[in-house]
Amino acid sequence: MGKAMAVEPQKPSGARVEDEVDVVVAQGVDDEPVEANRRMFEGRAFAVVAAIAAVYAFFHIAALNGLSIRNMTGGAINLPFLPRLPMETWNFRIVHIAGALLLGFLLYSASRFDDDERRTTKPVNLVGAALFLVALWSFGVALWFGSQIRGGAMWSGMDPAIRFNEIWLYGVPLIAATVGGIVLGWMERGPRTWFSVPDLVLAVCGFAVAAYLITIYGTLMRNSTGTPFAPIGISLAAIAGTLLIMELTRRVAGLALVVIAALFLIYVFTGQYLPGFLNSPPINWARFFSQIYTDAGILGPTTAVSSTYIILFIIFAAFLQASKVGDYFVNFAFAAAGRARGGPAKVAIFASGLMGMINGTSAGNVVATGSLTIPLMKRLGYPARSAGAVEAAASTGGQIMPPIMGAGAFIMAEVTGIPYQEIAIAAIIPAILYFVSVYFMVDLEAAKRGMRGMREDEIPKFSRLIRQVYLFIPIIILIAALFMGYSVIRAGTLATISAAVVSWLTPFRMGPRAIVKAFELAGVMSIQIIAVCACAGIIVGVISLTGVGSRFSNLLLGIAAASQLLAMFFAMCISILLGMGMPTTAAYAVAAAVVAPGLVNLGVPVLTAHFFVFYFAVVSAITPPVALASYAAAGISGAKAMETSVTSFKMGLAAFIVPFMFFYNGALLMDAEWIAIIRATLTAVVGVFLLSCAVQGWFLGLAAAWFIRAGLLAAALLMIEGGLATDLSGILLAAAMYFIQRVFRPRPDALMPVKGAD
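Residues numbered from 1 in each chain as written. Predicted model: local features only at pLDDT ≥ 70, side-chain atom pairs only at ≥ 80, totals over all residues. Heavy atoms only, no water.

**Here's the deal with the confidence of the model for the protein chain**
At step 1: When pLDDT is averaged along the protein chain, the result is 82, and 88% of the positions lie at 70 or above.
At step 2: Long-range and interchain partners of residues 1-22, a stretch whose pLDDT sits below 50, account for 59 contacts in this model, where long-range means more than four residues apart.
At step 3: Contacts for the low-pLDDT stretch residues 748-758, under 50 throughout, to residues beyond four places or in other chains number 15 contacts. (pLDDT = per-residue confidence, 0-100. Contact = heavy atoms within 4.5 Å.)

**Points about the nonpolar core**
At step 1: Counting residues in hydrophobic clusters, the biggest one holds 249 residues, and the most contacted among them are Tyr-293, Tyr-434, Leu-599, Phe-611 and Phe-612.
At step 2: Of the residues forming this core, the biggest block, 20 residues, is contributed by helix H20 (residues 512-546).
At step 3: Counting 10 residues, the second largest nonpolar core, distinct from the first, contains Phe-334, Ala-337, Ala-351 and Ile-459. (Core = buried A, V, L, I, M, F, W, Y, C linked by side-chain atoms within 4.5 Å. Buried < 20%, exposed > 50% of the residue type's maximum accessible area, 1.4 Å probe, protein only. Helix = DSSP H or I, 4+ residues; strand = E, 2+ residues; numbered from the N terminus.)

**Digging into the side chain of Thr-242**
At step 1: Along the chain, Thr-242 turns up in helix H6 (residues 232-253).
At step 2: On the accessibility criterion, Thr-242 (3% relative accessible area) is buried.
At step 3: Of note is the side chain of Thr-242, whose polar atom sits 2.7 Å from the backbone oxygen of Ala-238.
At step 4: Ignoring anything within four residues of it in the chain, the contact list for Thr-242 reads Leu-265, Phe-289, Ile-292, Ile-298 and Ile-538. (Polar contact = N/O pair within 3.5 Å; in protein donor to acceptor, adjacent residues only side chain to side chain.)

**Considerations on the environment of Ala-394**
At step 1: The residue Ala-394 is located in helix H13 (residues 384-397) in this model.
At step 2: On the accessibility criterion, Ala-394 (0% relative accessible area) is buried.
At step 3: Considered as a pair, Ala-394 and Val-347 are 47 residues apart in the sequence and their alpha carbons are 9.6 Å apart.
At step 4: Contact partners of Ala-394, with chain neighbours within four places excluded, come to Ala-348, Ile-349, Ser-352, Gly-353 and Phe-435.

**Some details on a nonpolar patch on the surface**
At step 1: Together, Ile-425, Ile-428, Ile-432, Ile-479 and Phe-483 give the surface a local cluster of nonpolar side chains, amounting to about 370 Å² of exposed area.
At step 2: Elements with a minimum of two residues in the nonpolar patch: helix H16 (428-448) and helix H18 (473-483).
At step 3: By secondary structure assignment, the location of Ile-428 is in helix H16. (Patch = residues over 30% accessible without salt bridge, like charges linked within 9 Å, V, L, I, M, F, W, Y side chains within 5 Å. Areas by Shrake-Rupley, 256 points an atom, 1.4 Å probe, with all protein chains shown as cover. Salt bridge = Lys/Arg side-chain N within 4 Å of Asp/Glu carboxyl O.)

**Here we look at the packing of helix H3 (residues 122-150) against helix H5 (residues 197-217)**
At step 1: Packing of H3 against H5 leaves a shortest axis separation of 9 Å and a crossing angle of 15°. Viewed along their axes, H3 and H5 adopt a mutual orientation that is roughly parallel. Crossing of H3 over H5 shows left-handed handedness.
At step 2: Residue composition of the contact of H3 with H5, grouped by class: 20 nonpolar, 4 polar and no charged. (Axes fitted to C-alpha atoms, helices over the stretch in contact; angles between N-to-C directions. Parallel < 35°, antiparallel > 145°, perpendicular 65-115°, else oblique. Left-handed = near helix turned anticlockwise from the far one by under 90°. Nonpolar A, V, L, I, M, F, W, Y, C, P; charged D, E, K, R; others polar.)

**With respect to the pattern of salt bridges**
At step 1: Inspection of the entire model under this criterion finds 8 salt bridges.
At step 2: Of the charged contacts, one joins Glu-88 and Arg-222 as a salt bridge, the two residues approaching to 3.1 Å between their closest N and O atoms. On the criterion of sequence distance, the pair formed by Glu-88 in the loop between helix H1 (43-64) and helix H2 (89-107) and Arg-222 in the loop between H5 and H6 is long-range, its members being 134 residues apart.
At step 3: Residue class for Glu-88 comes out partly exposed when judged on its relative accessible area of 34%.
At step 4: With a relative accessible area of 22%, Arg-222 lands in the partly exposed category.
At step 5: Here Asp-199 ties to Arg-251 by a salt bridge, and the two come within 2.9 Å at their closest N and O atoms. Here Asp-199, found in helix H5, pairs with Arg-251, found in helix H6; they are 52 residues apart in sequence, far enough to count as distant.
At step 6: Relative accessible area serves as the criterion here: at 2%, Asp-199 is assigned to the buried category.

As structure tokens, then:
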């Protein structure tokens, strides 16, 4: 949601000069981040892009709520330059991606900007202008095809004349412009404040792809994909569209997901040469690409979710930003938890949980809240690596915090068919266990370092903030509407409207200009997640069309024949591996396609299987060696990235056990009687506490020797299974460890010093 937080010094009223202190007040939580390759438009260019972004976001909320312009007789007004609302599903998703490509290529350069004036050479400008004309030609030909079809022309993939026109008048120019625009973009060195010609080429190519596919899919040709009767233009448009999606993903989310998508695409055509379960039947390129840009791939579940639930909640988040609710969330967390031992670390847990639930990205959440909490943690005595690790672990947990869960719940509902409300309810206890585990790790770290909390005069006044508790109303309305049976779309829309209404009770009242600004912000914020979901759709399409997912399921079945626990461990490793370097949404989408079906075939309930892979896809953000959230935190704390990653893994170690807990005990996913649910939750919390004590080496006020830690670890593991006998055994073993610890008290030098923070 944001990039920076400022600490504004405020002097308490009536304080003497020598007693003046700085009160920590969060500001700028809702500020939009500015990436190194992001253009900063000015003047007319800014107005144009802002208008496009605002219209794009408003188009979605209008389409999702079935709004359309109607004339006096009740018929929908059809304007040639505006899509009719509500739109047919595939057309809506195609426009959804095309709009993101337009905005993305206008806003994000192919390379980082530096401080020096950048100038593009004349040959690059000339080639770019030529490619722009070629892209316009392709777009014009796609529109001409549409006019032919609307005029009654019969379109057949087997007709030689049509095939010739699709290849040489449309497909070849489109792919040439796409590849040329991508390559030229890497050489472009234009100013940051104006449009780039190669990027305009790519934006037009995105619309050329959309115009053709909307036209062809509007005929019976939609049913021919994957057969010899499919028009060759579908395959050529899909190639260009795939390249555009991967290039935009590289610009906004880095190389990790693009490399994985490229490896999967290579696998399509090389799988026939691979041994074992990786072997796949040969697939013709035209057949494959005629299917990849359908609901079996790019237009499938990931784009279905990004074009509905995700962008709706991005708009909701943008309205919250406009009313500065993010600042209030963090200030409220400081007022509520700042006095506790190791205060800023516990503030990070509460604030990051609230923020991460909404903004849907672990690394972005780290940047939003960590720029305040990390320096404060260091000031209290946390080493730099620990300060960054706490923030990374806490921010990552926001992705599993209901009701929004960073959009993960919506993808899970789309993939599994389980109602969203059931998923949100099932997520409550796992989310509690995650944050409880991080809280215990933070509290024990503070205890063994002898840290204090923040002073009363260092934090915002709780009495003042409690009078502004109405700022939680949009979240409350969202939750209430969902559990009253409203659809997710309607609940999100009501919450968005309430955010604008509530803003009138604050100094940041949302008038027409602020509402337009919120829609503009939502359009910009949506680019990354839409690109990531579309790119993940490529991977999901490969898995579906090659059948590698079912062969992986058979592999898991073979492992489970020897040991079910070993099969679950293998599934955990694959989920984490697939998620490394990827945003949470994409990581879960890929793991759900590869790993979850195998777990279901093992007899694991569908909801449990998907929660299992979702949980590990989330914690991949703090798992070395590629841990995006930890790396973002290291950039703020000044510690080494790998050190921070290892420490954040340690901070979240107890959380890695939680999925095995609800695998063995369905009560933790609310799948049992209330008595069983309460008992399972309490014993799980105790187990997480014992595991945290074992990891931190601190147990009930005393440093723990190695054999005490080993005993606590065994006690914690005994409580994972959830049976009454194992729970009692774990509690008795923990009590024995406490008795031994009291008898053999550690030497005073076992306590860790407060000083020496790196």
